[in-house]
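One letter stands for each residue in the lines below.
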Amino acid sequence: MNYCKDRDECESSPCGSNETCHNTEGSFHCTFDPGSASRNNTTNHSEDGSGCSSKNETKYPSINEINFAGQMENINNCKDHTDCHQQISKLLQDVKKHVLMLARTLGHEEKQNFSSSLFEVEMQTIHNNKIPEEKNTRLSAGGNSLDISWKSVTRNESFDSASVALISYKNLDSIINGSFHNNQTDPADVVSDIVTLAISNNQSNELLEPVTLTLRNRQQNVNKSQLQCVSWDLKEGIWSTNGCVVLRANKTHIECSSRRVASFAVLMAFHDLKDHVHSLNVITLVGIIVSLICLAIALFTFIFCRSIKGVRTTIHTHLCLSLFLAELLFLVGISRTENQVMCFVIAGTLHYLLLVCFSWMLLEGVQLYVMVVQVFHTKSLRPRYMVIFGYGLPLLIVGISVAISEGYVAENYCWLDFKSGWLWAFVAPVCVIILINATIFVIMVYKLAKKFSTLNPDMENLRKVRMFTFTAIAQLCLLGCTWLIGVFHFQDDTIVMTYIFTIINSGQGVFIFILHCLFNKQIRDEYVNCCTNMCRLTKPSKYSEFSTFSTQGLKSTQETGI
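Residues numbered from 1 in each chain as written. Predicted model: local features only at pLDDT ≥ 70, side-chain atom pairs only at ≥ 80, totals over all residues. Heavy atoms only, no water.

Points about the overall build of the chain
Looking only at helices and strands, one finds 13 helices and 17 strands in the chain. Every one of the 562 residues in the chain was classed for burial, and the buried ones make up 44%. Sequence-distant contacts in the chain: of pairs separated by 6 or more residues, those separated by 24 or more amount to 66%. For the chain, the computed accessible surface area is about 29,700 Å², with 56% contributed by carbon and sulfur atoms. (Helix = DSSP H or I, 4+ residues; strand = E, 2+ residues; numbered from the N terminus. Buried < 20%, exposed > 50% of the residue type's maximum accessible area, 1.4 Å probe, protein only. Contact = heavy atoms within 4.5 Å. Areas by Shrake-Rupley, 256 points an atom, 1.4 Å probe, with all protein chains shown as cover.)

Take a look at the structure:
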């Protein structure tokens, strides 16, 4: 017959700091200081023929009975920062110790929830070196959740029991604020609940695999760049960002990752974006104004310069017009979120104008392909069909999106909402157009290289098409990359991404002007002639006097022989 050997539960210090542990056979109890009632915790073991304890009948104090009011009062009345740090660290450790003590009483893979006026807890325990088939477990408490692998809980060691718990504090965030941050020069507030990860194997504070914490977001209007996931340093008594990073954030929750066993929270820093707002506004204002001026000059050139009339000029005219309107609307309307109806109209119009830009870029690619396939014959796309396609297809896409939209507009911008998926109404057509044009340009480069290798190539037309192809590819890369970067900018509003998007977006009109006007020899010659004519018009009398004087002088020389 096998006999059960009594275990000394007091070795694991299950009682609080103001309690004395007394071990008994099959149980233990904690005695509070004089004047306090005792709390009994009794675990009865029964024997069977195969060994010990086939079933545990557990009677333990509920979390509501455990009173940490005294410690909370000490924290509220602490003398200085050092005293507060010590009191907070002591509270976190004591709560963790009590929760793990209760977790040991659970059966294999059993989960249990507890709640008190101070915190909520969910815990789980496994026994006898048996890892569940589900290698990970998910615990939830107070609207917060934890995803952790059993490998991290057990540390790949043999065990009789292994426990994990998530403790979510209800009001502790109002006490442990951002002033306890290790960088005192950066003001910050706690914008999430404070939670504690507790595991029974506490030989080290480093986990084998990172855990994922999803914490409630109490401050909806924040940017991810302002958020810092932090853990409480028990020795220093401060928040630390070491080993804890923010993965993603939305209006309701913030997701963090860490390899530490600690208490966690999310802080919101106030300095990141505000320090850059003025610089970004200046870059946007100056850049877009210059861009609009360049687009206006390009439009004037394409409309009134007769020597460059053609299908490509028509395409560039509509492209510059739609881009001009889009840039102007972006400048004056992207942040007008105070009026929902107006913001909705701005977002829909901006969506339409940008799709028009890409539609005309697609038409340019098709036109160049026709020129190459037709071996430089004069055949080209008909303007009427181009207008129908260039303006009709975007109208159809935007019309369908608006008709079936729910949450079409983002909260912080008058632009398509990424979270509800409506940004794909812009991204998907753009990606298709970029893919089609990229395929066309690869075919064209191949055909041009083949033409240049022939013995008698039509060099003039070849060079012309080569230049057209180069500018079209550069244009596609410019606009395509700009708005694909813009997708990540609106999704993940970081400082670096904001600067990149602002600079490139503000310079689109300048780049278009350089590609289609300054790189075109015909247009450069027209600019030179225009400037020369303007100079002549501003100085007619001097030119007239110089011409008369020269003629008379020449005649006098011929007549006199001097």
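Still more to cover.
Description of the pattern of salt bridges
Applying the stated criterion across every chain, the model contains eight salt bridges. Among the ionic pairs, Arg-138 bridges to Asp-147, the shortest N-O distance being 2.5 Å. When its relative accessible area of 43% is taken as the criterion, Arg-138 is described as partly exposed. For Asp-193, the salt bridge goes to Arg-218, with nearest N and O atoms at 2.3 Å. (Salt bridge = Lys/Arg side-chain N within 4 Å of Asp/Glu carboxyl O.)

Details of a nonpolar patch on the surface
Taken together, the side chains of Val-282, Leu-285, Val-286, Ile-289, Val-290, Ile-293 and Ile-297 define a hydrophobic patch exposed on the protein surface, amounting to about 550 Å² of accessible area. Tracing the chain through its elements places Ile-297 in helix 4 (residues 274-304). Here Ile-297 falls in the partly exposed class, since its relative accessible area comes to 39%. (Patch = residues over 30% accessible without salt bridge, like charges linked within 9 Å, V, L, I, M, F, W, Y side chains within 5 Å.)

Looking at the side chain of Ser-359
Here Ser-359 is to be found in helix 6 (residues 340-373). Contact partners of Ser-359, with chain neighbours within four places excluded, come to Phe-389, Gly-390, Pro-394 and Ile-433.

Describing the nonpolar core
Core analysis: the largest hydrophobic core is formed by 62 residues, its most contacted members being Leu-350, Trp-415 and Phe-426. If you list the elements that add at least two residues to this core, you get helix 4, helix 5 (311-333), helix 6, helix 7 (383-403), helix 8 (424-452), helix 9 (459-491) and helix 11 (508-518). No other element matches the 18 residues that helix 6 contributes to this core. Grouped together as the second largest cluster of nonpolar side chains are 32 residues, Leu-92, Phe-114, Ile-176 and Leu-267 included. (Core = buried A, V, L, I, M, F, W, Y, C linked by side-chain atoms within 4.5 Å.)

Re the sheet that holds strand 12 (residues 206-216)
Overall, antiparallel pairing links the five strands, which are arranged 7-8-12-16-15 in an open sheet. At either end of the open sheet lies a strand with only one pairing partner, and these are strand 7 (136-141) and strand 15 (244-249). Within the sheet, the average angular offset between the axes of one strand and its neighbour, ignoring direction, is 20°. Relative to strand 16 (residues 253-260), strand 15 runs antiparallel, the two sharing five bridges. When the sheet's bridge partners are listed, Val-246 is paired in strand 16 with Cys-256. (Pairing = 2+ DSSP bridges. Axes fitted to C-alpha atoms, helices over the stretch in contact; angles between N-to-C directions.)

Re the packing of aromatic side chains
Following the criterion strictly, the structure yields eight aromatic pairs and no others. When the centroid spacing of 5.9 Å and the interplanar angle of 70° are considered together, the rings of Phe-119 and Tyr-169 count as edge-to-face. Here Tyr-169 lies in strand 9 (residues 161-169) and Phe-119 lies in strand 6 (residues 119-127), a separation of 50 residues in the sequence. Pair check on accessibility: Phe-119 and Tyr-169 agree, each one buried. Ring centres of Trp-360 and Tyr-391 lie 5.8 Å apart, and the angle between their planes is 70°; on these two criteria the pair is classed as edge-to-face. Of this pair, Trp-360 sits in helix 6 while Tyr-391 sits in helix 7, placing them 31 residues apart in sequence. Overall, Tyr-391 belongs to the partly exposed group, its relative accessible area being 22%. Of the aromatic side chains, those joined through ring pairs into one cluster are Phe-358, Trp-415 and Phe-426. (Phe/Tyr/Trp six-rings, centres within 6.5 Å; stacked < 30°, edge-to-face > 60°.)

Considering the packing of helix 5 against helix 7
One can describe the packing of helix 5 onto helix 7 by two numbers: an axis separation of 12 Å at closest approach and a directional angle of 25°. Comparing the axis directions of helix 5 and helix 7 gives the class roughly parallel. Classified by chirality, the crossing of helix 7 by helix 5 is right-handed. Across the interface between the two elements, Val-311, Thr-314, Ile-315, His-318 and Leu-321 of helix 5 pack against Met-386, Val-387 and Tyr-391 of helix 7. Of the residues that constitute the contact of helix 5 with helix 7, the class distribution is six nonpolar, two polar and no charged. (Parallel < 35°, antiparallel > 145°, perpendicular 65-115°, else oblique. Left-handed = near helix turned anticlockwise from the far one by under 90°. Nonpolar A, V, L, I, M, F, W, Y, C, P; charged D, E, K, R; others polar.)

What to know about the confidence of the model for the chain
Low pLDDT means the predicted coordinates in that region are not meant to be read closely. Overall, the prediction assigns the chain a mean pLDDT of 76, with 71% of residues at 70 or greater. Taken together, the stretch residues 182-186 has pLDDT below 50 and engages in seven contacts with residues farther than four places along the chain or on a different chain. (pLDDT = per-residue confidence, 0-100.)

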